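Chain by chain, the residues run as shown.
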Amino acid sequence: MHAETKKVQKVQNINKTRAQIMEVATRLFQKFGFDKTSMEDIAAAAHKAKRSLYNHFTDKEDLFSSVAVQELDTICEQLRRVFEDTTARPLERLQRFLLARFDLIAESGIYHLVLENADSSRASMRFDVLNRHFREFEGWEHDAFASLWNERACEEHKTPMPQKAEAFADMAQMLLKSLDYSFFVQRKYKDYKETYVYLVNLIINSLNK
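Residues numbered from 1 in each chain as written. Predicted model: local features only at pLDDT ≥ 70, side-chain atom pairs only at ≥ 80, totals over all residues. Heavy atoms only, no water.

A word on the nonpolar core. Phe 29, Ile 42 and Leu 63 are the most contacted members of the largest nonpolar core, which totals 55 residues. Looking at this core, the elements that each hand over two or more residues are α1 (2–32), α2 (39–46), α4 (60–83), α5 (90–106), α6 (109–116), α8 (128–155), α9 (162–185) and α10 (189–208). Among the elements that make up this core, the one with the highest residue count is α4 (11 residues). If we ignore the near neighbours within four places in the chain, the residues touching Ile 42 are Ile 21, Val 24, Ala 25, Leu 28, Phe 29, Thr 37, Leu 53 and Leu 63. (Core = buried A, V, L, I, M, F, W, Y, C linked by side-chain atoms within 4.5 Å. Buried < 20%, exposed > 50% of the residue type's maximum accessible area, 1.4 Å probe, protein only. Helix = DSSP H or I, 4+ residues; strand = E, 2+ residues; numbered from the N terminus. Contact = heavy atoms within 4.5 Å.)

This is the structure in structure tokens:
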């Protein structure tokens, strides 16, 4: 039993150290960006030997991907709660989803860095795991929009039409991606947030009539 306790304690210490490294890395990546943050910088800020970082992460790309995936999971989980709140009507959930999505991204410094490098071939090669995770998030979001469209059709006593649901989901994502770039790569979200909220509320209210 004593040996088992030691084993559990060792795992806890490993996880704690990994979490500390990721927390420090998140702060430095957000402040200086990926290219200007080195493993030496992270090790120094975390008060760890550089080799300690490599005990947990293969390289800087692996560390950045781990931080970004964790952040993306947090965003997805919170949006999932909005989507799965079936006590609210479909349009109300869509409204909450659209408003929560950009607020969550605005709080996410790492997500901004991912967006800035999303179209880079270099990023595709360096962050393969992260890119796959990012595509999974987009796939889930697409399915959520299509599902809300179908629920809205059923609410109006209409037969759900898969083609229209797919078209709606595609269009919603195209619009959101264009706003992602303007809001977070060009850093305009604070300037346009009030207008965005107004437009979302206006559209939802018009559809509710």
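We now examine the packing of α6 against α9. Two elements in contact, α6 and α9, have axes whose closest approach is 10 Å; the angle formed by their N-to-C orientations is 115°. For α6 against α9, the interelement crossing comes out left-handed. On the side of α6, the interface is formed by Tyr 111, His 112, Leu 115 and Glu 116, while α9 contributes Asp 180, Phe 184 and Val 185. (Axes fitted to C-alpha atoms, helices over the stretch in contact; angles between N-to-C directions. Left-handed = near helix turned anticlockwise from the far one by under 90°.)

Counted under the stated rule, the structure contains 18 aromatic pairs. Here Phe 183 and Tyr 196 contribute two aromatic rings whose centre-to-centre distance is 5.8 Å and whose plane-to-plane angle is 80°, an arrangement assigned as edge-to-face. With Phe 183 in helix α9 and Tyr 196 in helix α10, this residue pair connects regions lying 13 residues apart in the sequence. Of the two residues, Phe 183 and Tyr 196, neither departs from the other in class, the shared state being buried. Ring pairs connect the aromatic residues Phe 83, Phe 97, Phe 137, Trp 140, Phe 145, Trp 149 and Phe 168, which therefore count as one cluster. (Phe/Tyr/Trp six-rings, centres within 6.5 Å; stacked < 30°, edge-to-face > 60°.)

On to a nonpolar patch on the surface. Judged by side-chain polarity, Tyr 198, Leu 199, Leu 202, Ile 203 and Leu 207 come together as a nonpolar surface patch covering roughly 500 Å² of accessible area. Position of Leu 199 among the secondary structure elements: in helix α10. (Patch = residues over 30% accessible without salt bridge, like charges linked within 9 Å, V, L, I, M, F, W, Y side chains within 5 Å. Areas by Shrake-Rupley, 256 points an atom, 1.4 Å probe, with all protein chains shown as cover. Salt bridge = Lys/Arg side-chain N within 4 Å of Asp/Glu carboxyl O.)

The next subject is the pattern of salt bridges. Per the stated rule, a full pass over the model turns up 13 salt bridges. The closest approach of N and O atoms between Asp 85 and Arg 96, which form a salt bridge, is 3.0 Å. Pair noted here: Asp 85 is in the loop between α4 and α5 and Arg 96 is in helix α5, with a separation of 11 residues, a long-range link. Take Asp 85: its relative accessible area is 23%, and that puts it in the partly exposed class. With a closest N to O distance of 2.7 Å, Arg 93 and Glu 151 form a salt bridge. Linking Arg 93 in helix α5 with Glu 151 in helix α8, this pair joins segments that are 58 residues apart in sequence. Look at the salt bridges and you will find they share partners, linking Arg 89, Arg 152, Glu 155, Glu 156 and Lys 158 into a network.

Attention shifts here to the side chain of Arg 152. Tracing the backbone through its elements, the reader meets Arg 152 in helix α8. By relative accessible area, Arg 152 is classed as buried at 16%. Within the structure, Arg 152 has its side chain in polar contact with the side chain of Glu 156 (distance 3.1 Å). (Polar contact = N/O pair within 3.5 Å; in protein donor to acceptor, adjacent residues only side chain to side chain.)

We now examine the confidence of the model for the protein chain. When pLDDT is averaged across the protein chain, the result is 86; 88% of the residues are at 70 or more. Confidence, expressed as mean pLDDT per element, reaches its minimum in the protein chain at helix α7 (residues 121–126) with 50 and its maximum at α2 with 95. (pLDDT = per-residue confidence, 0-100.)

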